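Each chain, written out:
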Amino acid sequence: MKRILRIIGLVLLGLLVISTFMFLWQKSRPKVVQYTIVTAQKGDIQKSTVATGKVEPRNEILIKPQMSGIISEVYKEAGDMVKAGDIIAKIQVVPDMVNLSSAESRVERAKLAANQSRSNYERDLKLYQNDVISREEFEKVELQYKNDEEELRAATDNLSLVRTGITQSSAQISNTLVRSTVDGTILDIPVKVGNSVIQTNNFNDGTTVASVADLSDMLFIGKIDETEVGRLTSGMPIEITIGAIQGRTIPANLEYISPKGTEESGAILFEMKAALKIPEDLFIRAGYSANANIILDKREQVLTIPESSLEFSGDSAFVYMVKNEEPQEFERHFVKIGLSDGINIEVTEGLKENDRIRGSEIIEERK
């Protein structure tokens, strides 16, 4: 048994020695590196950057009530098209008890005064017709009668206004009817029937009953890094891609670049806005997330090579021109370069079209 174990051990030791020898022999062989061959060609180069953001209407109008109360009816819903003046909701007024009591008292006083004036008017009218009193005296009574009748009408309208928010003379333009102030699409109606609302005044913004916007006039609103904002100018063409709309690119023009940056996650970002040119067959919803591809610089039909084929030494750039293919031989050659898009780069001097140069390493073997 011991003899068998000894033989097995010797075999394993022999295999270990042989494998070590083979490894060292393989390592001692010289390396042969193969490269791809690329050709200098004419093409377009453009340097661009991407800004992230979202698509929003240029103007989103918040519709707010002109009086406080409770929503009694809602006539529209989100997505509906409206014109300026269209009724969106109706408010039921909850009267203040102090104002209501005062208005009722005013009506009663006005009735008493009007009844008394009517009696005086009817009596003096007969006296005037019988030439008992002068015309001047009769006109004074007539004027008082008309004034008291007008006061009664005003007091009655005021009581109706306190109770319901509506008067007979202003029923069609009552503040209880919440109307759209612009043409557009309703984006949201955050209130429901039964909700209390507060009117807009100098001390309160009021409750938003609806938000309305023109969805044919949309802006891309995004942010761009401080290292690239200096290259932007108003009027630059931009391409907008929206994640929810696949396969479509929407042209836009840069309209606004913020003069002040904000710090976010350690970076200084500047707000930018671009006006979308929306095709007629495309409907874009407010709030879509989007990316803006901004072309910072562009060269057309210039000599280009892959940027990976360059070798840099200090401020100089070099390529390796092909001298022989089998075996591969290359000659170092100085070039001047221009615009890069991160993949290809412009060559301004040192190469001609169809010149062949060394590309990236593809094979590594040993002789």
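Residues numbered from 1 in each chain as written. Predicted model: local features only at pLDDT ≥ 70, side-chain atom pairs only at ≥ 80, totals over all residues. Heavy atoms only, no water.

1. Some points on the overall build of the chain
Working step 1: Within the chain one finds four helices and 21 strands.
Working step 2: Buried residues in the chain amount to 31% of all 367 residues.
Working step 3: Expressed as a percentage of contacts within the chain between residues at least 6 apart in sequence, the contacts between residues at least 24 apart total 73%.
Working step 4: For the chain, the computed accessible surface area is about 23300 Å², with 50% contributed by carbon and sulfur atoms. (Helix = DSSP H or I, 4+ residues; strand = E, 2+ residues; numbered from the N terminus. Buried < 20%, exposed > 50% of the residue type's maximum accessible area, 1.4 Å probe, protein only. Contact = heavy atoms within 4.5 Å. Areas by Shrake-Rupley, 256 points an atom, 1.4 Å probe, with all protein chains shown as cover.)

2. Description of the environment of K352
Working step 1: One can find K352 in the loop between β20 (344-349) and β21 (356-366).
Working step 2: For the pair K352 and Q41, spaced 311 residues apart in the sequence, the C-alpha separation amounts to 8.4 Å.
Working step 3: Contact partners of K352, with chain neighbours within four places excluded, come to A40 and L303.

3. Some details on the environment of K223
Working step 1: Looking at the secondary structure, you find K223 in strand β11 (residues 218-225).
Working step 2: Considered as a pair, K223 and A51 are 172 residues apart in the sequence and their alpha carbons are 5.9 Å apart.
Working step 3: Ignoring sequence-local partners within four residues, the contact set of K223 consists of A51, T52, T262, E264, L269, F270, E271 and M272.
Working step 4: A distance of 2.3 Å separates a polar atom in the side chain of K223 from a polar atom in the side chain of E264. (Polar contact = N/O pair within 3.5 Å; in protein donor to acceptor, adjacent residues only side chain to side chain.)

4. Details of unusual backbone geometry
Working step 1: Despite not being glycine, Q301 shows a phi value in the positive range, around 50 degrees.
Working step 2: For Q301, a relative accessible area of 52% translates into the label exposed.
Working step 3: In the Ramachandran plot, N354 falls in the positive-phi region, its phi being about 75 degrees despite a non-glycine side chain.
Working step 4: Examined against the element boundaries, N354 turns out to sit in the loop between β20 and β21.

5. A look at the nonpolar core
Working step 1: Residues F220, I238, I240, I242, I284 and I294 are the most contacted members of the largest nonpolar core, which totals 27 residues.
Working step 2: Elements represented by at least two residues in this core include exactly β2 (41-57), β11, β12 (237-242), β13 (249-257), β15 (267-276) and β16 (289-306).
Working step 3: Excluding its chain neighbours within four sequence positions, the residues that come into contact with I294 are K47, S48, T49, A51, I224, L232, M236, I238 and M272.
Working step 4: Grouped together as the second largest cluster of nonpolar side chains are 14 residues, I63, I91, I189 and V209 included. (Core = buried A, V, L, I, M, F, W, Y, C linked by side-chain atoms within 4.5 Å.)

6. Let's talk about the packing of aromatic side chains
Working step 1: What the rule picks out here adds up to four aromatic pairs.
Working step 2: Residues Y35 and F330 carry aromatic rings whose centres are separated by 5.8 Å and whose planes lie at 85 degrees to one another, so their mutual orientation is edge-to-face. Residue Y35 is found in strand β1 (residues 31-39), and its partner F330 is found in strand β19 (residues 329-340); the two are separated by 295 residues along the sequence.
Working step 3: For the ring pair F318 and F334, a centre distance of 5.9 Å and an interplane angle of 70 degrees mean the geometry is edge-to-face. With F318 in strand β18 (residues 316-324) and F334 in strand β19, the pair connects residues that are 16 residues apart, well separated along the chain.
Working step 4: Sitting over the ring of Y256, K273 keeps its end group 5.4 Å from the ring centre. (Phe/Tyr/Trp six-rings, centres within 6.5 Å; stacked < 30°, edge-to-face > 60°. Lys NZ or Arg CZ within 6 Å of the ring centre and 35° of its normal.)

7. Here's the deal with the pairing of β20
Working step 1: Sheet analysis places β16 next to β20, joined by three bridges and oriented antiparallel. Its bridge partner being in β20, T304 is matched across the sheet by E346.
Working step 2: Here β19 runs beside β20; their pairing, made up of three bridges, is antiparallel. Note that in β20 the partner of K336 across the bridge is E349.
Working step 3: Counted along the chain from β19 to the antiparallel partner β20, the turn is three residues long, and its residue G342 has a positive phi close to 95 degrees. (Pairing = 2+ DSSP bridges.)

8. Structural notes on the sheet that holds strand β6 (residues 87-92)
Working step 1: If you walk across this open sheet you meet the four strands as β7-β6-β4-β9, and the pairing is antiparallel. Of all the strands in the sheet, just β7 (177-179) and β9 (196-197) have a single pairing partner and so form its edges.
Working step 2: Bridge analysis of strand β4 (residues 69-74) against β9 gives two bridges, and the strand direction is antiparallel. Considered in β9, the bridge of I70 is made with S196.

9. Let's talk about the sheet that holds strand β5 (residues 81-82)
Working step 1: Strand order across the open sheet formed by four strands is β3-β10-β8-β5, with antiparallel pairing between neighbours. Lying at the two open borders of the sheet, with one neighbouring strand each, are β3 (60-63) and β5.
Working step 2: Relative to strand β10 (residues 210-213), strand β8 (residues 184-188) runs antiparallel, the two being bridged by three bridges. Directly across from D188, in β10, lies its bridge partner S211.

10. Describing the side chain of S340
Working step 1: Tracing the sequence through the fold places S340 in strand β19.
Working step 2: Take S340: its relative accessible area is 17%, and that puts it in the buried class.
Working step 3: For S340, the side chain forms a polar contact with the side chain of E307, separated by 2.5 Å.
Working step 4: Of the polar contacts made by the side chain of S340, one reaches the backbone nitrogen of G342; its length is 3.0 Å.
Working step 5: Setting aside anything within four residues of it in sequence, one finds S340 in contact with I45, K47, E307 and I345.

11. Observations regarding the confidence of the model for the chain
Working step 1: Per-residue confidence for the chain averages 84 on the pLDDT scale, and 87% of its residues sit at or above 70.
Working step 2: Averaged over each element, pLDDT in the chain is lowest for helix α1 (residues 2-28) (68) and highest for β10 (95). (pLDDT = per-residue confidence, 0-100.)

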